[in-house]
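Listed here are the chains, written in short residue letters.
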Amino acid sequence: MNAMLVGLAALGLAIGAARAWGDESAGRQISIDATVTVGALRPLNGVQAEDAASAAFYRTAHVDLVRIPDGAGAGDIDAIFPDMSADTENPKSYNFARTDRLVASIKSGGAEPLFRLGRSASGGADPPADPDKWARIVKHVVLHYNVGWARGFRYGIRYWEIWNAPDSKQFWSGSPVEYYRLYEKTAQAIQAADPAALVGGPALSKPLIAGDYREKFIDFVRLNRLPLDFFSWHFYAVDSNDPYVFVTIARQLRIILDAHGFGSAKNVLDEWNADPAEQDLSSAARAAFSTSSLIYMLGGPVDAQSYRRIAAPVGAAIAPAIGPASGAASGAAGGAADAVGAALGAFGALKSTPVLIRSTGGDDAGFAIVAGRSQDKRVVQILISNYQIAGKYLHPRDNWDTSLPERRTVQYADNGGYDATVSLPGPGKYQVKRYRLGDSGNFALLDQRIETGPSIRLQAALPPPAVELIVISAK
C-alpha cells in the first residue's frame with residue numbers, strides 16, 4: 001500500500017488505486033462492513049467565523065470548532081482595547097460588546113471558539129508598540145471569557161492563537177525575534193489567566209517554508225520552555241486543487257514537531273480552501289473538494305481544522321439538515337442554500353453515526369468514502385465524495401515554487417459511480433435513503449426504498465463532481 005495512504009487505512013476509510021480515466025461510466029467497486037469497527041469519529045468539522053448571525057449554521061452543520069479569524073474585527077485586540085494609553089486593570093478600558101456577541105453565537109451554536117489574538121487584515125501589520133502592555137490586555141481578555149472578569153463569562157475557551165501569519169508581510173512587519181518575544185510574553189499572560197488554556201500559533205501562511213517561523217520558532221519555544229499546545233498553519237490548494245495536499249503537508253509538519261520535542265502539540269490547519277483564484281470550479285466541485293479533503297483529514301495527522309468559506313459568507317446559507325433525525329433538507333436562511341455549506345452539513349451529519357466501520361474502494365485522488373454506525377447499531381451512514389482534479393493540474397509545473405508541494409500525476413478510472421456491497425449489523429428490513437449534491441441541487445432526497453439485510457447491494461451513477469450521503473436505518 002502506498003505509504004501516504006497508511007493513515008487512511010488505519011481508520012478504515014475507503015482506499016483503492018486511481019487508474020486511467022476513460023469515458024465509460026463504470027462504477028467503483030466498494031465495500032462497507034458495519035460489523036467491523038475500526039475506530040470512532042473524532043470532531044473535525046470547523047469553519048471560520050464571519051459574523052454573530054451564524055449560530056443556526058453551526059447547529060445545523062454540527063460544527064465543532066469556529067476560528068475567530070483576521071477578517072472578523074470583533075476579535076481584534078485593537079477593537080477590544082481601543083485606547084492603548086488606557087489602564088489595563090480598569091474594565092471600562094475594554095469594549096467587549098461586539099466580541100461578546102460573536103463568541104456567544106459560537107457557543108450557542110454548539111461549537112468551540114478558537115480565539116485568534118491579533119488584529120484584522122486592515123488593521124496594520126506593525127508589531128504592538130508595547131508588547132508587555134499588549135500581553136496584559138490579552139490576559140484580561142482571557143479572564144473576561146474564562147474567569148468572569150468585567151461581567152464576563154466562564155466559557156472555558158481552550159484555544160488561544162497568538163497573532164496571524166507572521167511570515168506574511170501583510171500581517172507582520174516586524175522581525176522574527178520580535179514575534180518570538182511577543183509570543184513569549186503573550187503565552188505567559190494566557191497561562192497566568194487560565195492554566196488550562198491551550199496556547200499556540202503561529203498560523204503560518206507558508207507552512208512548507210523552513211526557517212524563521214517554523215524550525216527556529218519551534219526551537220525558541222522549546223529552549224525557553226514556553227507552551228506550544230498547538231501548531232497552527234494555513235494552506236490554500238493553489239495551482240493544484242488537490243484535496244489530499246492538506247494531509248501531505250500535515251504529515252511533514254508532524255515529523256518536524258515530533259523531531260523538535262513537541263510530539264504532544266496538536267497539528268491545527270485553521271484556514272484552508274481550494275485555490276481562491278480558480279475560476280473554473282463549479283459550486284458542486286468546491287463542495288466535493290471540501291468533502292474529499294475532510295474525509296482524507298480524518299485519516300491524517302490533522303487534529304483540528306477550520307475551513308474558510310470563499311463563495312459566500314458563513315451566515316448567508318444554512319446547510320441542510322440531513323440524516324435520520326430530519327429525513328429531509330431544510331431551507332436556507334437569507335438566501336439559497338450554499339453548496340459548500342450543504343457539504344459541511346453532510347459531513348457533520350456523521351456525528352449521529354460516530355462508530356467508524358470498515359470501508360474499501362476509494363482512493364486518495366478525490367473519490368473519498370467514510371462510513372459510520374450508530375451506537376445502537378440501527379443506523380449506518382455512508383458519505384461518498386467524488387471529486388476530480390482538473391487535467392491542467394495533472395502535470396509538473398514549469399516554474400518550481402518552494403512554497404507549494406509538487407503536483408501529483410493522477411489517472412482516473414471507474415469513478416463515474418459506485419457498486420457497493422453493504423454488510424449490515426443483522427437481518428431484517430432496512431430503509432435506504434440517498435441524498436445527492438451535484439450541479440443540479442444541494443442534497444435533495446434522491447430516492448428511498450426498503451431493502452432486506454444483512455447484506456444489500458447499492459449501485460448508482462455518481463459522475464464527478466458530486467457528494468452523496470446514504471442513510472440506512474433498521475425498520
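A. Looking closely at the overall build of the chain. A count of helices and strands for the chain gives 10 helices and 15 strands. Counting the 475 residues in the chain, one finds 59% classified as buried. Accessible surface, the chain: about 17800 Å² in total, of which carbon and sulfur atoms supply 50%.

B. Quick peek at helix α9 (residues 283-298). Counted at 1.5 Å a residue, the expected span for α9 with its 16 residues is 22 Å, and the 23 Å between its end C-alpha atoms agrees. Extensive coverage of α9 is indicated by the burial of 15 of its 16 residues.

C. Region of the structure containing helix α10 (residues 339-349). Most of α10 is tucked away, with 11 of its 11 residues classed as buried. If you check which residues of α10 are buried, you get Ala 339, Val 340, Gly 341, Ala 342, Ala 343, Leu 344, Gly 345, Ala 346, Phe 347, Gly 348 and Ala 349. You can read the cap of α10 off the contacts: a side-chain oxygen lies 3.1 Å from the backbone nitrogen of Val 340, and it is on Asp 338.

D. Structural context of the packing of aromatic side chains. Enumeration according to the criterion identifies 27 aromatic pairs in this entry. With centroids separated by 6.2 Å and ring planes inclined at 70 degrees, the aromatic side chains of Phe 57 and Tyr 58 adopt a geometry described as edge-to-face. A centroid spacing of 4.9 Å and a plane angle of 25 degrees characterise the contact between Phe 115 and Trp 160, whose relative ring orientation is stacked. Taken together, the residues span a long stretch of sequence, with Phe 115 in strand β4 (residues 112-117) and Trp 160 in strand β5 (residues 159-162) at a distance of 45 residues.

E. Quick peek at the pairing of strand β6 (residues 198-204). When you tally the buried positions in β6, you get seven out of seven residues, the bulk of the element. The parallel pair β5 and β6 is bridged by helix α6 (residues 176-193), and the resulting crossover is right-handed. Pairing between β6 and strand β7 (residues 230-237): four bridges, direction parallel. Within the sheet, the bridge partner assigned to Gly 201 lies in β7 and is Phe 231. Each parallel crossover has a hand, and for β6 linked through helix α7 (residues 215-223) to β7 it is right-handed.

F. Main features of the pairing of strand β10 (residues 355-360). Where strand β1 (residues 28-40) lies against β10, six bridges are found, and the strand directions are antiparallel. Counterpart to Asp 33 in the pairing with β10 is Arg 358. Judged from the two bridges that link them, β10 and strand β11 (residues 367-373) form a sheet pairing that is antiparallel. Directly across from Val 355, in β11, lies its bridge partner Arg 373. The antiparallel hairpin formed by β10 and β11 contains six residues in its connecting segment, where Gly 361 sits at a positive phi of about 120 degrees.

G. Up close: the confidence of the model for the chain. In the predicted model, the chain carries a mean pLDDT of 89, and 88% of its residues have values of at least 70. Under a pLDDT of 50 for its full length, residues 14-24 has, in the predicted model, 38 contacts with residues more than four places off or in other chains. Long-range and interchain partners of residues 311-336, a stretch whose pLDDT sits below 50, account for 65 contacts in this model, where long-range means more than four residues apart.

H. Summary view of the pattern of salt bridges. Applying the stated criterion to the full structure yields 30 salt bridges. Two residues, Lys 216 and Asp 212, come together in a salt bridge whose shortest N-O distance is 3.5 Å. Given the relative accessible area of 49%, Lys 216 is considered partly exposed. Its relative accessible area of 35% is what places Asp 212 among the partly exposed residues. Taking the shortest distance from any N to any O, the salt bridge between Arg 254 and Asp 258 comes out at 3.1 Å. Taken together, the residues span about one helical turn, with Arg 254 and Asp 258 both in helix α8 (residues 245-259) at a distance of four residues.

I. Quick peek at the packing of α9 against α10. With their axes 8 Å apart at the nearest point, α9 and α10 run at an angle of 30 degrees to one another. What the angle tells us is that α9 and α10 run roughly parallel. By crossing handedness, the relation of α9 to α10 is classed as right-handed. The residues of α10 that touch α9, namely those facing Ser 283, Arg 286, Ala 287, Ser 290, Thr 291, Leu 294, Ile 295 and Leu 298, are Ala 339, Val 340, Ala 343, Leu 344 and Phe 347. Of the residues assigned to the contact of α9 with α10, the class counts are nine nonpolar, three polar and one charged.

J. Molecular detail of the sheet that holds strand β2 (residues 46-48). Strand order in this open sheet of eight strands is β2-β3-β4-β5-β6-β7-β8-β9, and the pairing throughout is parallel. Strand pairing shows two members of the sheet lacking a second neighbour, β2 and β9 (304-305), which therefore form its edges. Pairing of β5 with β6, which is carried by three bridges, proceeds in the parallel orientation. The residue bridging Glu 161 from the neighbouring strand is Gly 200, located in β6. Each of β3 (65-68) and β4 is contacted by helix α4 (residues 97-108), which is oriented at about 145 degrees to β4, the strand it contacts most.

K. Main features of the environment of Lys 475. Considering the arrangement of structural elements, one finds Lys 475 in the segment after β15 (466-474). For Lys 475, a relative accessible area of 61% puts it in the exposed group. Residues Lys 475 and Gly 428, 47 residues apart in the sequence, show an inter-C-alpha distance of 7.6 Å. Not counting the four nearest positions on each side in its chain, Lys 475 is found in contact with Arg 378, Lys 429, Tyr 430, Gln 431 and Ile 450.

L. Quick look at the side chain of Asn 241. One can find Asn 241 in the loop between β7 and α8. Among the residues examined, Asn 241 registers a relative accessible area of 1% and is labelled buried. Excluding anything up to four places from it in sequence, Asn 241 contacts Ala 274, Asp 275, Glu 278, Leu 281, Phe 289, Tyr 387, Ile 389 and Tyr 393.

Reading the values: rules and limits
Residues numbered from 1 in each chain as written. Predicted model: local features only at pLDDT ≥ 70, side-chain atom pairs only at ≥ 80, totals over all residues. Heavy atoms only, no water. Helix = DSSP H or I, 4+ residues; strand = E, 2+ residues; numbered from the N terminus. Buried < 20%, exposed > 50% of the residue type's maximum accessible area, 1.4 Å probe, protein only. Areas by Shrake-Rupley, 256 points an atom, 1.4 Å probe, with all protein chains shown as cover. Expected span 1.5 Å × (residues − 1). Polar contact = N/O pair within 3.5 Å; in protein donor to acceptor, adjacent residues only side chain to side chain. Phe/Tyr/Trp six-rings, centres within 6.5 Å; stacked < 30°, edge-to-face > 60°. Right-handed = clockwise from strand over helix to strand, strands pointing away. Pairing = 2+ DSSP bridges. pLDDT = per-residue confidence, 0-100. Contact = heavy atoms within 4.5 Å. Salt bridge = Lys/Arg side-chain N within 4 Å of Asp/Glu carboxyl O. Axes fitted to C-alpha atoms, helices over the stretch in contact; angles between N-to-C directions. Parallel < 35°, antiparallel > 145°, perpendicular 65-115°, else oblique. Left-handed = near helix turned anticlockwise from the far one by under 90°. Nonpolar A, V, L, I, M, F, W, Y, C, P; charged D, E, K, R; others polar.

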